[in-house]
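# Chain and residue survey
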Amino acid sequence: FESLTAFDAQLQLRPALAESWRFDDGGRRVTFHLRPNLTFADGSPLRPSDVARSWLRIIDPQHPSPLAELALDIEGAEGYLHHETSDPASVGLHPDDGKNDLVVDLARPATDFVNIVAGPSFGIVPPQMGEDPSGEAPGPDFVASGGYVATSRTANALVLASNPHYWAGKPAIS
């Protein structure tokens, strides 16, 4: 699963699912502009609302990620994680599917946030993730947002195939 930003082989931050981003409000707000026509591996659209839903999973109060602290720069994330509010709208994630933007309000100036979201915890997962176990197992129903899909697994190996809908084309390693 891919996120909005990534590090290249020289450890330079680069755009991934987001083609660009900008900071406003003294570093307390970042707007990610997603690449046009992004899709998951099954061909379904990948939208800013999918990013917000995926990131809310990190701080889900019922099943938080072990790395939930990475998301606490997002305004309202700490209160949501610690049951101070049950409203996901209180978290500073504002998707605009029409403009293909995700606006993130930050709890403090945090221009390093674009580096943090390059990590695998911030990978964008399809809507059925966590609801349909068949979609989480390698095989024909596995839906990814990155360059590869998991096609099968044995005791000693996980077999990957290129994602035919990947925004950057066929990955270098077939």
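Residues numbered from 1 in each chain as written. Predicted model: local features only at pLDDT ≥ 70, side-chain atom pairs only at ≥ 80, totals over all residues. Heavy atoms only, no water.

## Overview of the packing of aromatic side chains
Any two aromatic rings considered together are summarised by their centre-to-centre distance and by the angle between their planes. Tallied over the full model, the rule gives seven aromatic pairs. Between the aromatic rings of Phe1 and Phe142, the centroid separation amounts to 5.7 Å while the plane-to-plane angle is 40°, which identifies the pairing as tilted. A residue pair is termed long-range when its members are at least 10 positions apart, and Phe1 in the segment before strand E1 (5–7) and Phe142 in the loop between helix H3 (113–116) and strand E7 (148–153) qualify at 141 residues. Aromatic pair Phe113 and Phe122: ring centres 6.4 Å apart, planes at 80°, arrangement edge-to-face. Taken as a pair, Phe113 and Phe122 share a single burial class, namely buried. Aromatic rings pair up to connect Trp21, Phe32, Trp55, Phe113 and Phe122 into one cluster. In this arrangement the basic side chain of Arg35 is found over the ring face of Trp167, its NZ or CZ atom lying 3.7 Å from the centre. (Phe/Tyr/Trp six-rings, centres within 6.5 Å; stacked < 30°, edge-to-face > 60°. Helix = DSSP H or I, 4+ residues; strand = E, 2+ residues; numbered from the N terminus. Buried < 20%, exposed > 50% of the residue type's maximum accessible area, 1.4 Å probe, protein only. Lys NZ or Arg CZ within 6 Å of the ring centre and 35° of its normal.)

## Regarding the pattern of salt bridges
Inspection of the entire model under this criterion finds five salt bridges. With its nearest N and O atoms 2.6 Å apart, the salt bridge here joins Asp105 to Arg29. Of the two residues, Asp105 sits in strand E6 (residues 101–105) while Arg29 sits in strand E4 (residues 29–34), which places them 76 residues apart along the sequence. For Asp105, a relative accessible area of 16% puts it in the buried group. Taking relative accessible area as the criterion, Arg29 reaches 34% and is therefore assigned partly exposed. Among the ionic pairs, Asp50 bridges to Arg53, the shortest N-O distance being 2.9 Å. With Asp50 and Arg53 both in helix H1 (residues 48–58), this residue pair falls three residues apart, about one helical turn. The buried category is assigned to Asp50, whose relative accessible area is 7%. (Salt bridge = Lys/Arg side-chain N within 4 Å of Asp/Glu carboxyl O.)

## Let's talk about the nonpolar core
Core analysis: the biggest nonpolar cluster contains 33 residues, and Leu4, Phe32, Trp55, Ile59, Ile74, Val104 and Phe113 have the highest contact counts within it. Put simply, the parts of the chain that give this core at least two residues each are E4, H1, helix H2 (77–81), E6 and H3. For this core, the leading source of residues is H1, giving five residues. Ile59 has contacts with Ala68, Ala71, Ala77, Tyr80, Leu81 and Val91, leaving out every residue within four places of it along the chain. Counting five residues, the second-largest nonpolar core is a separate cluster that includes Phe142, Ala144, Val149 and Ala150. (Core = buried A, V, L, I, M, F, W, Y, C linked by side-chain atoms within 4.5 Å. Contact = heavy atoms within 4.5 Å.)

## Thoughts on the pairing of E7
Bridging between E7 and strand E8 (residues 158–162) involves five bridges; their strand directions are antiparallel. In the sheet register, Arg153 faces E8, and the bridge partner there is Leu158. The turn joining E7 and E8, which pair antiparallel and follow one another in sequence, is formed by four residues. (Pairing = 2+ DSSP bridges.)

Everything listed here is a matter of coordinates, which is why it stays silent on function.
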